[in-house]
Amino acid sequence: MNYQELANLIFPNAKPIGLYEEKYPERNLPEGAIVTRFAPSPTGFVHIGGLYQSLVAKTVAKQTGGVFFLRVEDTDQKRQIANAVTDIVNSLKDFDMAPDEGMISDTEEIGNYGPYTQSWRKEIYQAYAKYLIEQGKAYPCFATPEELEEMRQKQEAAKIRPGYYGVWAKYRNLPVEEAAEKIKNREPYIIRFKSMGREDKKIKHKDIIKGNVDFPENDQDIVIIKADGLPTYHFAHAVDDHLMHTTHVIRGDEWLSSVPLHLQLFQELGFKAPRYAHISPIMKNEDGNKRKLSKRKDPEAAVSYYKEEGIPSVAVKEYLLNIANSSFENWRRANPDSPMEEFPFDLAKMSVSGALFDMVKLLDISKTAISKMTAEEVYEKSIEWANEYDKELAELLSDKAYSLKVLGIERGNNKPRKDISKWSEVKNAIIYMYDKEFLAKEHNFEYGKINDKQEIQKILSTYMEKYFDIHDDKQTWFDKMKDLAEELGYAREVKMFKQEPEKWPGHVGDISTVLRVSLTGRQNTPDLYEIMQVLGEESIQKRMKEVKSLWNIK
Ligand code: GLU
């Protein structure tokens, strides 16, 4: 019996690997094109770190005319979750990051290098495992869990490196006849890689992000095919990224220490190794200590959080680019209106240690992004969010023509309003503009400096009787506010007041606060003139009546 016969006994139906090599030819892409992927396990939870990796991967693929694909790594069948793939696909779509190839739902895929779900590739892995067995580079291992446990205990007691290697690799040199005998007797087994590496030898590796790293060679005979016939991550990674012609493996840095093993697998399989870029995890500051963003502790670790909160996907992406390349911030300052896709992203400039997640900064970026949107865009995005998460807001927005006017206040100018950082803030930012809600609310107006009922009455009545005209342009309106201030004994300019504060009870700003609070219920709002224009005469009259009745003003 030889290796060939043993391989046939183990995988009688596996096809020659030449078939797959032919089926998945070199890709026809421009020089320097990066082919890369997002390869999540479908656990039912899409972590912001996954989105971050995908953004980096998609960006470099796009910038080089390459390919970004989505591969589902579901070889751990114990962890299967219904709809998990659809969740991943939809998350990418929500962020406008749909892959060029790969899974597009739990059951469908696009592209010529599939299947893109590992559990559908069983025969491919088995073909390559068979190929290794034929060459004496892999073998069946019959170790029982008890045997492995005994080995572990012995290694621990003797304080030596744990694992299945060297003299500990009990079935590594089992004669093929004996192996065949056991298989025929239906003894359970798995397939292990026969490592030729030596722990006392070093390999040098250059990671695109982490730079030069030295590792001992791998000498562990790792499992490549498990008892259920599916591959381990390591083996699937080598086979898939070879056949899918991945040029760059961009993944979490928890895999960095597996690089020696992966390079060895590529070499023994006769594959060209890809370049590796290991991304540091996104960190969080907790009581002065840095820790990874945690699925259990941090709601913002879930990609779904951003959708639920209504943080626009462009803002999340822009923020992630910010932490991916520190030069982004300067670039943005120099190119305030360019689409972020134009930023010259550099994989090699990603930080070696984990970037800190900063929600305040993200919301600030979001505020700026929203301030640059047109009223129409804000309207469409808000109503889309509201339809799913806030019926009351959806109701407000159902009057589209009026809502567009409301959202258009202080928008489209040089200094647009910046009071909205997420769609879940829209309701609070605009609700006072709607008569139905405003007039139904029980108000407890909090005025500013001028807080005396009689004085407020005087200001409002004088304004409405002598100065109010909805047709005034802004300058006229403003001049009238000053005239009103002066008539009632206040400083007509803030500057004048500041010079001699003892001379007046207040200034024009205090007068307009009285008007603002009476009309909106708030001391801080966007431009009052614009607000009044949008409200219109009828609404202003109604609101004035409301204030007067509230204050018992006749
Ligand atoms: N399935 C692996 C993970 O989720 C993928 C690592 C890789 O990108 O190769 O960590």
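Notes on the structure in this doc start here. (Residues numbered from 1 in each chain as written. Predicted model: local features only at pLDDT ≥ 70, side-chain atom pairs only at ≥ 80, totals over all residues. Heavy atoms only, no water.)

## Remarks on the packing of helix H3 (residues 48-63) against helix H11 (residues 313-324)
Each pair of packed helices can be summarised by the angle the axes make with each other and by the distance between the axes.
Then step 1. Interhelical geometry of H3 versus H11 gives an angle of 75° and a closest axis separation of 10 Å. When the axis of H3 is compared with that of H11, the two are roughly perpendicular. For the pair formed by H3 and H11, the contact residues are Ile48, Leu51, Tyr52, Leu55 and Val56 on the first element and Val316, Lys317, Leu320, Leu321, Ile323 and Ala324 on the second.
Then step 2. Of the residues that constitute the contact of H3 with H11, the class distribution is 10 nonpolar, no polar and 1 charged. (Axes fitted to C-alpha atoms, helices over the stretch in contact; angles between N-to-C directions. Helix = DSSP H or I, 4+ residues; strand = E, 2+ residues; numbered from the N terminus. Parallel < 35°, antiparallel > 145°, perpendicular 65-115°, else oblique. Contact = heavy atoms within 4.5 Å. Nonpolar A, V, L, I, M, F, W, Y, C, P; charged D, E, K, R; others polar.)

## Thoughts on the pattern of salt bridges
Then step 1. In this structure the tally under the stated criterion is 47 salt bridges.
Then step 2. A salt bridge links Asp298 to Lys284; the nearest nitrogen and oxygen atoms lie 3.5 Å apart. Here Asp298 is found in the loop between strand S13 (289-292) and helix H10 (303-309), whereas its partner Lys284 is found in strand S12 (residues 283-286), with 14 residues between them in sequence.
Then step 3. When its relative accessible area of 4% is taken as the criterion, Asp298 is described as buried.
Then step 4. Among the ionic pairs, Glu300 bridges to Lys284, the shortest N-O distance being 2.6 Å. Residue Glu300 is located in the loop between S13 and H10, and its partner Lys284 is located in strand S12; the two are separated by 16 residues in the primary sequence.
Then step 5. In this structure Glu300 comes out as buried when scored by relative accessible area, which is 8%.
Then step 6. Overlapping salt bridges, with partners in common, bring together Arg37, Arg71, Glu73, Arg121, Asp240 and Asp241 in one network. (Salt bridge = Lys/Arg side-chain N within 4 Å of Asp/Glu carboxyl O. Buried < 20%, exposed > 50% of the residue type's maximum accessible area, 1.4 Å probe, protein only.)

## Quick word on the site of the ligand
Then step 1. Taken together, Arg37, Ala39, Ser41, Glu73, Tyr233, Arg251, Glu254 and Trp255 make up the full set of residues adjacent to the ligand.
Then step 2. Contact between the ligand and Tyr233: an oxygen atom at 2.5 Å from a side-chain N or O atom of the residue.
Then step 3. Side-chain polar atom of Trp255 to an oxygen atom of the ligand: 3.0 Å apart, as the coordinates give it.
Then step 4. With the chains in place, 83% of the 300 Å² that the ligand exposes on its own is no longer accessible.
Then step 5. For the shell around the ligand, the class distribution of residues is 3 nonpolar, 1 polar and 4 charged. (Near = heavy atom within 4 Å. Polar contact = N/O pair within 3.5 Å; in protein donor to acceptor, adjacent residues only side chain to side chain. Areas by Shrake-Rupley, 256 points an atom, 1.4 Å probe, with all protein chains shown as cover.)

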